[in-house]
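Listed here are the chains, written in short residue letters.
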Amino acid sequence: MINKYIETEIHNLINEGRLVETKRYMQHGSVSVYEHCVRVAKLSMRLRELLKIPINSKELIRGALLHDYFLYDWHDSNNGHPVHGITHPRTALNNAGQDYCLTDVEKDIILHHMFPLTLIPPRHKEAWIVCVADKICAMQETIEPFLIYLNRKENA
């Protein structure tokens, strides 16, 4: 059921805007921004179900899918984004606002998902869930290549 809701929103966002462009940019390790956002959306929905939090699932999913809609390669030091971790939420919100009609909850998710690195905390439950899911996914995606490497070395 979770995947059906997410797939529907992915289809809608690809048809309405530039979501497919996020496949061109890497996020953590070998994971694209697109794949990262899908993972965050899936984990956000699982957390919502686990915690039995009454929220708007559509806004949660759309916000999660658009939270890193910055549309540039943040690994390239020549691209003019030296403090990406702090500035990309505003860039993502501006890009998403150009392509989609966003609710206040979706805006909150996009703008505040980097808390506490960015100082203003989320206001809505949906934004808190995505904030937590984003941290979990980022950590997993960052350490996964090292775990694979260590496993290969152990089995060699």
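Please refer to the structure higher up on the page.
Here, residues in each chain are numbered from 1, in the same order as that chain's written sequence. Local features in this predicted model are restricted to residues whose pLDDT is 70 or higher, and side-chain atom pairs enter the listing and the counts only when it is 80 or higher, whereas totals over whole chains, interfaces and linings include all residues. Side-chain metrics rest on all non-hydrogen atoms present in the structure, leaving aside hydrogens and water.

## Considerations on the pattern of salt bridges
Whenever Lys or Arg places a side-chain nitrogen within 4 Å of a carboxyl oxygen from Asp or Glu, that contact is recorded as a salt bridge. One pass over the full model with this rule turns up seven salt bridges. Arg-62 serves as the salt-bridge partner of Glu-9, at 4.0 Å between the closest nitrogen and oxygen. In this pair, Glu-9 is assigned in helix H1 (residues 2-16) and Arg-62 in helix H3 (residues 57-66), connecting sequence segments 53 residues apart. The exposure class of Arg-62 is buried, given its relative accessible area of 7%. Here Arg-39 ties to Glu-35 by a salt bridge, and the two come within 2.8 Å at their closest N and O atoms. Taken as a pair, Arg-39 and Glu-35 lie in helix H2 (residues 33-51) at a separation of four residues, close to a single helical turn. Working definition: with a 1.4 Å probe on protein chains only, accessible area under 20% of the residue-type maximum means buried, over 50% means exposed, and in between means partly exposed. The partly exposed category is assigned to Arg-39, whose relative accessible area is 26%. Exposure remark for Glu-35: the relative accessible area of 33% places this residue in the partly exposed category. Helix and strand definitions here come from DSSP, where helices need a minimum of 4 consecutive H or I residues and strands a minimum of 2 consecutive E residues; each element is numbered from the N-terminal end.

## Comments concerning H2
Counting along an α-helix, one turn takes 3.6 residues, and residues three or four places apart therefore face a common direction. A helix is expected to reach a length of 1.5 Å times the quantity of its residues less one. For H2, spanning 19 residues, the distance from its first C-alpha to its last is 26 Å, which sits close to the expected 27 Å at 1.5 Å a residue. All of the buried residues in H2 are Val-33, Tyr-34, His-36, Cys-37, Val-38, Val-40, Ala-41, Leu-43, Ser-44, Met-45, Leu-47 and Arg-48.

## Describing the side chain of His-28
With respect to the helices and strands, the residue His-28 is situated in strand S1 (residues 26-28). Take His-28: its relative accessible area is 15%, and that puts it in the buried class.

## Some thoughts on the nonpolar core
Ranked by size, the top nonpolar core spans 39 residues in total, and within it Leu-19, Leu-66, Tyr-69 and Tyr-100 carry the most contacts. The set of elements that each furnish at least two residues to this core consists of H1, H2, H3, helix H4 (84-99), helix H5 (104-112) and helix H6 (125-155). Per-element tally for this core: the top contributor is H2, with nine residues. In this view, Tyr-100 contacts Leu-13, Glu-16, Gly-17, Arg-18, Leu-19, Arg-62, Leu-66 and Tyr-69; residues no more than four positions away in its chain are not counted. Working definition of a nonpolar core: buried Ala, Val, Leu, Ile, Met, Phe, Trp, Tyr and Cys residues. They are joined through side-chain atoms within 4.5 Å. Note on definitions: a residue-residue contact is assigned when non-hydrogen atoms from the two residues lie within 4.5 Å.

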